[in-house]
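Listed here are the chains, written in short residue letters.
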Amino acid sequence: NKFIATISVPAIFFLGLATLNADSVSFTLFAAMALSKILIYMGTCAVTYIVSRNEGDNRPGMIGIFGIFTTQSNDIALGLPIITASFGEEYGTYIFLLAPVQLLFLNLISLILMETTAQK
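This report concerns the structure included in the present document. Just so we're clear, the structure is a prediction, and the values are computed from it rather than from any experiment. Along each chain, residues carry numbers from 1 onward, in the same order as the chain's sequence is written. Local features in this predicted model are restricted to residues whose pLDDT is 70 or higher, and side-chain atom pairs enter the listing and the counts only when it is 80 or higher, whereas totals over whole chains, interfaces and linings include all residues. Processing note: side-chain calculations cover all non-hydrogen atoms of the structure and skip hydrogens and water entirely.

### Some words on helix α4 (residues 75–87)
Counting from the N terminus, the helices are DSSP H or I runs at least four residues long and the strands are E runs at least two residues long. By definition here, a helix of n residues has an expected span of 1.5 Å times n minus one. A rise of 1.5 Å per residue sets the reference length of α4, with its 13 residues, at 18 Å; its end C-alpha atoms lie only 15 Å apart and thus fall more than 12% short of the reference. Within two residues after α4, Gly88 carries a phi angle of roughly 115 degrees, on the positive side.

Listed below in structure tokens is the structure:
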């Protein structure tokens, strides 16, 4: 739905980041969450590289798309209610902090890999 994609989701992100108290953020917990996502991404890329030996020129694109598949879960819709119900409201903001890191680094690497495959 256009309303959800253009208004609701950006509003939720803005509200989550605008009400974030930077003093209460545990950067060790944030680093652990980011590191776990990076390790899952790297593991998926390694397994895809090993398994897709016979794919030839399509290998980088497969690595990129499978990396996105494993890390681009629906963190806001599924993770936010689970985290806030389990640990409290103050830990729900970590999901809003982790999303830009994923979009800026992990998705960028995957998109570059997919584009190199498309250019061949």
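Read on, since the account is not over.
### What about helix α1 (residues 2–18)?
The terminal C-alpha atoms of α1, which comprises 17 residues, lie 23 Å apart, in line with the 24 Å expected from a rise of 1.5 Å per residue. Along α1, the largest kink reaches about 30 degrees and is centred on Ser8; proline Pro10 follows within four residues of it. What is called the bend at a residue is the angle between a pair of axes, fitted to the seven residues leading up to and ending at it and to the seven starting from it.

### Points about the nonpolar core
Within the largest apolar cluster, six residues are counted, these being Val25, Phe30, Ala34, Tyr94, Leu97 and Leu98. Among the secondary structure elements, those contributing two or more residues to this core are α2 (27–51) and α5 (89–119). The dominant element in this core, judged by the number of residues it contributes, is α5, at three residues. For Val25, the residues in contact, after removing those within four places along its chain, are Leu20, Tyr94 and Leu97. Note on terminology: a nonpolar core comprises buried Ala, Val, Leu, Ile, Met, Phe, Trp, Tyr and Cys residues joined through side-chain atoms within 4.5 Å. The cut-offs for exposure are 20% and 50% of the maximum accessible area for each residue type, with area from a 1.4 Å probe on protein chains only; residues under the lower value are buried, those over the upper are exposed, and the others partly exposed. Note on definitions: a residue-residue contact is assigned when non-hydrogen atoms from the two residues lie within 4.5 Å.

### Examining the packing of α2 against α5
Axis definition: a line fitted to C-alpha atoms, limited for helices to the stretch in contact. Angles are taken between N-to-C directions and run from 0 to 180 degrees. In contact at an axis separation of 10 Å, α2 and α5 are set at 35 degrees when each is read in the N-to-C sense. Once α2 is placed against α5, the crossing between them reads as right-handed. Along its contact with α2, which presents Leu29, Phe30, Met33, Ala34, Lys37, Ile38 and Tyr41, the element α5 presents Tyr91, Tyr94, Leu97, Leu98, Val101, Gln102, Leu106, Ile109 and Ser110. Just so you know the grouping, Ala, Val, Leu, Ile, Met, Phe, Trp, Tyr, Cys and Pro go in nonpolar, Asp, Glu, Lys and Arg go in charged, and all remaining residues, Gly too, go in polar. Considering only residue class, the contact of α2 with α5 consists of 13 nonpolar, two polar and one charged. When the near helix sits turned anticlockwise from the far one by under a right angle, the crossing is termed left-handed; a clockwise turn instead gives a right-handed crossing.

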